[in-house]
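Breakdown of the fold
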Amino acid sequence: MGELAINLTDEELVYLVKEFDGDILPGISDPYDDMTTVEQTERIIEVEQSLRERGFIKKTFGGNIEYAESLSEMIKICAGFSKYIGFDKRLADEEITTLRFYEMDGKWLRISGESGEFHLEMMKDAELKAFIDELPKDNGSKSNQISILIPKNDYDFVADLIQDGNVEEAKSSLEKFNLDEFNEMFLIDGLSYKLSYAAITLVARDENKLSVDTVSALISEDAMAELYIEAEDGGITKIGFRKAGTGFWPKYKEVISEWLIAS
C-alpha cells in the first residue's frame, strides 16, 4: 500500500482533489478561490513542480500524470468520500486544533494540521476507537444549572466587548437577561477562551447529495454546555447554551460510533 502518511500544503491537496474529479472537501478551504486565472495557473505550475520533486507525481512520455500509490489512495478518499467527521478542540487558553476524517469504501483517512502543512494518514481500527474515547464527556456536577438564551445581536456585542478586554462593560450588558452568577461567568469565561471548546461536524454524501449537521460545546471543570440556535417569530435569532446531555451531543457521539464501527 505504500506509505501510510504524507504531508501536503492546502494548495497541493486541493489541486490533487480536483485532479481526481473531487468538487468539495469539507473542513478545508479552497486556496484558489481568491486568485485570478493567471495566479492560479502560476501557482499550479509551482505545485506540480513541488510534487514531482518529492516523488508524488511524474509525467509519462504521453504527457499523462502518474501518481504515487500512497498519494493516490489518500486523494481518492478525499475526492470520493461518503462520510466526513470534523472535530475541533480547544483546551482552555490554547489554540484550536482540528482533526478531519474522511471515509470511502470502509477506509478512513485522517487529515490534521493547518494550511501551511496538512498531515494525511490512513487510520487503523485501534486509532478510530481511541478517537471515540477522546470525544468530550459530560462529567460536570453543575451542568444542570446551565440556562442561557440571548438574542444573537446582544451575544455578538458582548463577545466583541470581551475580545476587546471590556469585561465589566460586557457584564453590564448582560444584566438585562437576569442570568445568575454561575451562568453569567460561564458565558464570559467561554467568550474569553478560558473554557475548553469542542465542535463536531458530520457530513454524509450519497449520489452527490449532502447532509450536514454540526454541534459545539463549552466545557468547564464542573459543567458542559451545548450551544444551540433558536429562531423566534419576528425574525429574532437567539444564541443559547444548555446541558449537553439534553440536546444533540449524545446523538452525534452515537452516530460517530456507528460510522466507525460499521467500517
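In this report, the structure presented in the accompanying data block is examined. If you're wondering where the values come from, they're calculated on a predicted model, not measured in any experiment.

**Looking at the nonpolar core**
By size, the foremost hydrophobic cluster in this structure holds 32 residues, and its most contacted members are Leu-8, Leu-13, Ile-75, Ile-111 and Leu-120. Mapped by element, the contributors of at least two residues to this core are strand 1 (5-8), helix 1 (10-19), helix 2 (37-53), helix 3 (69-80), strand 5 (97-104), strand 6 (107-114) and strand 7 (117-122). If one sorts the elements of this core by residue count, helix 3 sits on top with six residues. What Leu-120 contacts, discounting residues up to four positions off in sequence, is Leu-4, Ala-5, Ile-6, Leu-8, Leu-13, Met-74, Ile-75, Leu-109, Arg-110 and Ile-111.

**Remarks on the environment of Asp-10**
Turning to its location among the elements, Asp-10 is positioned in helix 1. With relative accessibility at 15%, the residue Asp-10 sits in the buried group. When the C-alpha atoms of Asp-10 and Gly-234 are compared, they prove to be 42 Å apart, with 224 residues separating the residues in sequence.

**Details of helix 6 (residues 167-174)**
Of the positions making up helix 6, those classed as buried are Ala-170, Ser-173 and Leu-174. Relative to the axis of helix 6, the buried residues are bounded by an arc of 100° and lie together on one face. Where helix 6 is buried, its residues touch strand 8 (147-151), helix 5 (152-163) and helix 7 (181-191).

**Observations concerning the environment of Ile-96**
As for its position among the elements, Ile-96 is in the loop between strand 4 (83-90) and strand 5. Remark: the alpha-carbon pair of Ile-96 and Tyr-197, spanning 101 residues in sequence, is separated by 8.3 Å. What Ile-96 contacts, discounting residues up to four positions off in sequence, is Asp-88, Lys-89, Arg-90 and Tyr-197.

**Brief notes about unusual backbone geometry**
Although it is not a glycine, Asn-178 adopts a positive phi angle of roughly 55°. Among the secondary structure elements, Asn-178 is positioned in the loop between helix 6 and helix 7.

**Examining the side chain of Ser-216**
Within the secondary structure layout, Ser-216 lies in strand 10 (residues 209-219). If we skip the residues at most four places from it in the chain, Ser-216 touches Tyr-197, Ala-198, Ala-199, Ala-225, Glu-226, Leu-227 and Trp-249.

Reading the values: rules and limits
- Residues numbered from 1 in each chain as written.
- Predicted model: local features only at pLDDT ≥ 70, side-chain atom pairs only at ≥ 80, totals over all residues.
- Heavy atoms only, no water.
- Core = buried A, V, L, I, M, F, W, Y, C linked by side-chain atoms within 4.5 Å.
- Buried < 20%, exposed > 50% of the residue type's maximum accessible area, 1.4 Å probe, protein only.
- Helix = DSSP H or I, 4+ residues; strand = E, 2+ residues; numbered from the N terminus.
- Contact = heavy atoms within 4.5 Å.
- Arc of directions from axis to C-beta.

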